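Inside the fold
What follows is each chain in one-letter form.
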Amino acid sequence: MEVLARNNVHMSGRGERAMVFAHGFGCDQNMWRFVAPEFEGDFKVVLFDHVGAGGSDLTAYDKTKYSTLHGYADDVVEIGRALGLKDAVFVGHSVSAMIGLLASLKAPELFGRMVLVGPSARYIDDGDYVGGFSEKQIAELLEFLEDNHMGWSAAMAPSIMGNPDRPELGEELTNSFCRTDPEIAKAFARVTFTSDNRDDLDKVTIPTLILQCSEDIIASEEVGKFVRSRIPGSEIVFLKATGHCPNLSAPAEVVSAIRAYV
Amino acid sequence: MSEFGPVDEYKDLFENAPCGYLTIGSDGRITKVNATLTAWTGIETDKFIGRRLHQFLNMAGRIYYETHIAPLLRMQGFFNEFALDFETAAGERLPVIANAAERRNVDGTLLFTAVVVIKATDRRRYERQLVDSRSELQKGLATERETAELREQFIAVLGHDLRNPLAAISAGARILQRSGALQEHKHLRVLDMINTTVTRMSDLIDHILDFARGRLGGGITLSRDSRPLEPILEQVVDELRTAAPQRVIETSFELTERVDCDRTRIGQLLSNLIGNALTHGAADQPVHVGAKTEGGVFELWVANAGEPIPAAAMERLFEPFFRGEVRDSRQGLGLGLHIASQIAQAHGGRLDVTSTPDETRFVFKMPLVQPAS
């Protein structure tokens, strides 16, 4: 199916219910490599790349569509419908927490449970609201992204994009998990860090779990607590894991927290 | 026991190497830092120990570290050539290039991560300038493209808008002519003038449109067939004889093979060449027009006597809007030869010119068999 190729959807595992893992800004579905396999015994595990990341179809990247998180949320809905998902578990890391949340508002039937790993409803400070970043810092980030091209070169792109799973590409695969067209990376960073979904939180009707890391500079505890306070009936679990990527740094803790919730 | 035993040598190499070293424990906290890095940053060793690497970076670097570098390090076990900015004790930026590699136990547990930092102020500035100048160029290019597109659209629209009033004038003149209302010689001459001017104006508009079309990406499109070409050539010559009755146009056509071409376009090419010869050639000398098929090549030429084309003009002859020295009343847009050469190219052929005091000759040649492409 077109949608499944576009988003480089991979499925594995057995089980009635599906568990969809969505990666955040920075890398691709490999972010879940230590977590997703743990659920293959009980769930139909669904992994995908957002358009513009990993092995997605770069030609499907549409500047206008992906200039808001809704474009990404629409893709999640399309994937969910293409797979006939019902009552599935959505696990979204970082910005994909809000993408999944928007998708659940668009198509409430798809998901029965949501797990938000390191969510933030808004990254930039606003009055009393502490997002953790100033507008200037985000502007600097966008500029800084150009200093690291991850070895991206236009000539190389086709071999990477066409063969994300070919280990024989060896050296060329270096950084490939986090490599994408710099223009797209910059646009995705802009969408991510300028997003504001504070008003969407209280519309959520699906039971939601928030996994909050310690010492996470991207999504601080304060930010996580804000999300928890606005999503009706949501729960929060504070992880010992530090940093923004517990799915890589402390997969066991993440797995057991998800397992306990679903 | 030498004072510079191996242990001391290695210690010195670590501490005073021309690069910064630091190691990060499995809990993500810095365990060692060398003297070079503390000197570069002005941050003392005990301020580094126990803290996280990203705390010493600027905010953009911190976000990048958390979203790209840390995950990559975990997924592939190393990273190379990352640009980062340390923040020094004095609050200044220290641009570096960093490599890092995880060291793991045989059972795969993470022991520590070694990070090497190379000062790269000039290199990073240079790269920044390249990025900046590239984006400047892209901006300029985008503006340029937009302007060019607008300009060409303008020409195309203008061409169309000019045709309508001209058609009205032409129709009006035709009605007057048919009505027989004009009897006086003077009036009939005015009518002739109107018709001549309408034809000339119409040619000019055709040229503008062809030029715009050629530049709007698609180029000149051909609809080829192999029907006899000679009648078209004859017709073009007849038209021009009618338009310039006082001039002599001599023809010699020897087309023994079929020419696979767009006959209307070849007619246009010939018309432009003869028009050029009539304008610039000596008025009291005939214009020679010839066509032949020979050795797999179709050749069409137009020759006139008169002043040769100045050397300086030769180079720019086929450029759009190039105009030679002629009386104002004969002045065209300077598109005739340009369009002729475009038609030649579209046929896989070429248009050349030779000009001597004896003769100026334009020669169009195209292969009778198109190379497969």
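Residues numbered from 1 in each chain as written. Chains lettered and ligands numbered in written order. Predicted model: local features only at pLDDT ≥ 70, side-chain atom pairs only at ≥ 80, totals over all residues. Heavy atoms only, no water.

**A short note on the interface of chain B and chain A**
Listed by partner, the interface residues are 27 residues for chain B and 34 residues for chain A. Buried area between chain B and chain A, both sides added, is near 2,800 Å², and the carbon and sulfur share of it is 63%. Summed over the shared surface of chain B and chain A, the number is 5 salt bridges. Between A:E215 and B:R29 there is a salt bridge whose closest N-O contact spans 2.7 Å. For the side of chain B that touches chain A, the secondary structure elements donating two or more residues are α4 (59–76), β3 (78–87) and α5 (121–179) of chain B. The dominant element in the side of chain B that touches chain A, judged by the number of residues it contributes, is α4(B), at 14 residues. Tallied by class, the residues present in the side of chain B that touches chain A amount to 12 nonpolar, 5 polar and 10 charged. (Contact = heavy atoms within 4.5 Å. Buried area = accessible area lost by both parts, 1.4 Å probe. Salt bridge = Lys/Arg side-chain N within 4 Å of Asp/Glu carboxyl O. Helix = DSSP H or I, 4+ residues; strand = E, 2+ residues; numbered from the N terminus. Nonpolar A, V, L, I, M, F, W, Y, C, P; charged D, E, K, R; others polar.)

**Considerations on the domain arrangement of chain B**
Entries for chain B in the domain assignment read domain 1 (6–119), domain 2 (138–215) and domain 3 (230–367). In this structure, domain 1 of chain B and domain 2 of chain B have C-alpha centres spaced 73 Å apart. (Domains from an automatic or database assignment.)

**Concerning the pattern of salt bridges**
With the rule as written, the count across this model stands at 33 salt bridges over all chains. Residue A:K65 is joined to A:D75 by a salt bridge in which the shortest nitrogen-to-oxygen separation is 2.6 Å. A residue pair is termed long-range when its members are at least 10 positions apart, and A:K65 in the loop between β3 (44–48) and α2 (69–82) and A:D75 in helix α2 qualify at 10 residues. What makes A:D75 buried here is its relative accessible area of 1%. Among the charged side chains, a network of salt bridges with common partners joins A:E146, A:D147, A:K186, B:D85, B:R93, B:R124, B:R128 and B:D132. (Buried < 20%, exposed > 50% of the residue type's maximum accessible area, 1.4 Å probe, protein only.)

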